[in-house]
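Below, each chain spelled out in residue letters.
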Amino acid sequence: MMIAYIERFIHENDTESRQGDDLSNICQSLDLQGTIDYVATGIAAKDFGGLYSFNPLAIIRPAGADDIAMAVKAACRSPNLTVAARGNGHSINGQAMAEGGLVIDMRATGENHFKIVTMNGEMFADVSGGALWEDVLKRCVNLAPRSWTDYLGLTVGGTLSNAGVSGQAFRYGPQSSNVTELDVVTGKGDILTCSETENSELFFGALGGLGQFGIITRARVKLQSTPDMVRWIRVVYSEFEDFTHDAEWLVNRPDGVSFDYVEGFVFVNSDDPVNGWCTVPLDPSQRFDQTAIPPTAGYVLYCLEVALHYQNSDHRSAVDMVVNSLLGRLRFAKDLKFQVDVAYVEFLLRLKRVEEHARANGTWDSPHPWLNMFISKRDIADFDRMVFKKLLKEGVGGPMLVYPLLRSKWDDRTSVMIPAEGEIFYIVALLRFTPPYSKDPCVEKLVSQNQEIVQLCMKEGFDFKLYLPHYKSQEDWKRHFGNKWLRFDKNKANFDPMAILAPGQKIFKRINSHS
Ligand SMILES: Cc1cc2nc3c(=O)[nH]c(=O)nc-3n(C[C@H](O)[C@H](O)[C@H](O)COP(=O)(O)OP(=O)(O)OC[C@H]3O[C@@H](n4cnc5c(N)ncnc54)[C@H](O)[C@@H]3O)c2cc1C
């Protein structure tokens, strides 16, 4: 089967025939412990975004770093093969694809490496770059990473290559601030261990590095002991100013005197079943009392979502006291408060239920033109006025997250880009779910609405960065990285000089070695 496939390349003219010979030799020289699949490659031509589709030449399911290094070295010997690590394919814009190249299915390595490590009294887990965060949670019994994503069906290497953000990031920083050591296969096929003190350019480059400098095969993740339970609370605001005031007050309070999780979202002030009031209650028994909405409310309302960790042994009244003393300082609409007590693991896996529901109604598999941004505190009120209150006043068909983060918890030495100014910036995530089999050219409209929002931010001179960025020209990428571009470019020259890796990010063009 493999030979038959390769023979398809050996035809027509000399150039193609020579390339076909090259590919044939290269692929046959791979002596993998894992497997290579030239046939069922369709899965790697898809991602969660559903907006792009590029077929690879083959999918490699590696047994470990040696297989990955072998594949990268083979690509280096070829005239133009590229290599993309694929985590769980939860990118939006084809970032984990490699057209005509080799896709490394990192999930095949998900079980590798798992080990709890104690160093200087601190606990860490060594985990595979291909492990899902939900599997890391299951395996770290009584211990858990400190910083999460909202949804845990994402891989360790995939989120570390971006940042990894959720409601704990105000306290611990993104996931990229919560690892101390990585094993990486570079674009030259070298397998290197890196940390703050060893191969530090590679370590900081790879964190938020969009897969450009190497494939993360192992990460050492900081752990904490787990609480048993979580008090999970949502409160509603009619005024953006009150919402941001309270969210910022909470994220600025020291550890021990605030909630353990702070997020927020915008929703539509209507009975719309996808975007409106009913998206706020935490339990089917709770009802959103619309008569409690302040009369000054406009088209959209704001929900602050917080959570407090506690142990089963904690007295209920002590938990109530902490919660009430914090909530007592907030300015939310008094009768619009929802709360539930859930097990910590259930809280972390809360989006599993959303996934099940979306799979059942078909919106999980339909396109997701999502937009994620970081916007400086300086501009967030203007963004609210121009975007949430106007352009998006009818919602996006899914959550519109907005909550504050603290710059001091982000390590400027990593490749992650955040706004230029101030200690506080906001994450804004427009998580659009489109109806299945829609004949409406709705996806294009939503993509162009995203572009309109980005253009507006540029025109207004907002201090912002795209999170999970997607650009098509190197000029745009240079603008994105700003004064970090020179370092990014230098790292590329050092660690992936032929631009083999993560071609789907469209930052660097593969250097064609035979031309
Ligand atoms: C339902 C859903 C919920 C999400 N929730 C959050 C959230 O709460 N917070 C948040 O921060 N993000 C969130 N994301 C975004 C998520 O962080 C990105 O999609 C990220 O890319 C991880 O997905 P993945 O593991 O599937 O990686 P992929 O999409 O497969 O890969 C992403 C990029 O990283 C590269 N890559 C993959 N693995 C490696 C590796 N081991 N080493 C080096 N490079 C690698 C790929 O080549 C690609 O360029 C969410 C996405 C979805 C679809």
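Residues numbered from 1 in each chain as written. Predicted model: local features only at pLDDT ≥ 70, side-chain atom pairs only at ≥ 80, totals over all residues. Heavy atoms only, no water.

1. So, the site of the ligand
Operational definition: Here, proximity means that at least one heavy atom of the residue falls within 4 Å of the molecule or strand. The term polar contact refers here to a pair of N or O atoms within 3.5 Å; inside protein, the definition further demands a hydrogen-donor-capable atom paired with an acceptor-capable atom, and it admits residues adjacent in sequence only when both atoms are side-chain atoms. All accessible areas in this document rest on Shrake-Rupley with a 1.4 Å probe, and a residue is counted as covered only by the protein chains that are shown. We count a stretch as a helix when DSSP gives it H or I for four or more residues in a row; a strand needs E for two or more, and each element gets its number in order from the N terminus. Any residue outside Ala, Val, Leu, Ile, Met, Phe, Trp, Tyr, Cys, Pro, Asp, Glu, Lys and Arg is labelled polar, Gly included; the first ten of those are nonpolar and the last four are charged. Source of the domain bounds: an automatic or database domain assignment.
Inspection of the region around the ligand gives 33 residues, with A85, S91, D150, T155 and Y467 positioned closest. In the environment of the ligand, an oxygen atom lies 2.7 Å from a nitrogen or oxygen atom belonging to the side chain of T155. Between Q505 and the ligand, the recorded distance is 2.9 Å, taken from a side-chain N or O atom to an oxygen atom. Considered on its own, the ligand offers 960 Å² of accessible surface; in the complex 95% of this is hidden by protein. Contributions of two or more residues to the shell around the ligand are made by strand 3 (83-86), helix 5 (156-160) and strand 10 (214-225). For the shell around the ligand, the class distribution of residues is 13 nonpolar, 18 polar and two charged. Taken domain by domain, the makeup of the shell around the ligand includes at least three residues from each of domain 1 (19-108 + 497-505) and domain 2 (109-225).

2. What about the domain arrangement of the protein?
Which entries qualify depends on this criterion: Should any heavy atoms of two residues lie within 4.5 Å, those residues are counted as being in contact. The quantity reported as buried area is the accessible area (1.4 Å probe) lost by two parts once they are put together, taken as the sum for both. Between Lys or Arg on one side and Asp or Glu on the other, a salt bridge is scored when a side-chain nitrogen of the former is within 4 Å of a carboxyl oxygen of the latter.
As far as domains go, the protein holds domain 1 (19-108 + 497-505), domain 2 (109-225) and domain 3 (229-466). Between domain 1 and domain 2, the C-alpha centre-to-centre distance is 22 Å. At the interface, 25 residues of domain 1 touch 23 residues of domain 2. Interface area for domain 1 against domain 2, summed over the two sides, is near 1,800 Å², with a carbon-plus-sulfur share of 66%. Interface area lost by domain 1 to domain 2 is led by M106, R107 and L501, which between them contribute 30%. Viewed at the interface, domain 2 and domain 1 are joined by zero salt bridges. Across the contact surface, domain 1 and domain 2 share seven residue pairs in polar contact (both at pLDDT 80 or more). For the side of domain 1 that touches domain 2, the elements supplying multiple residues, two or more each, are helix 3 (65-77), strand 3 and strand 4 (102-105). Ranked by the residues each element gives to the side of domain 1 that touches domain 2, the list is headed by helix 3, at seven residues.

3. Quick word on unusual backbone geometry
To keep things clear, this is the line we draw: Throughout, exposure labels follow a simple rule: accessible area from a 1.4 Å probe, protein chains only, divided by the maximum for the residue type, with under 20% read as buried, over 50% as exposed, and the rest as partly exposed.
At L468, a residue that is not glycine, the phi angle is positive and equals roughly 55°. Structurally, the position occupied by L468 is in the loop between strand 18 (464-466) and helix 14 (474-481). In this structure L468 comes out as partly exposed when scored by relative accessible area, which is 32%. Backbone geometry at K506 places phi at a positive 55°, although glycine is not the residue there. For K506, the location among the structural elements is in the segment after helix 15 (485-495). Taking relative accessible area as the criterion, K506 reaches 33% and is therefore assigned partly exposed.

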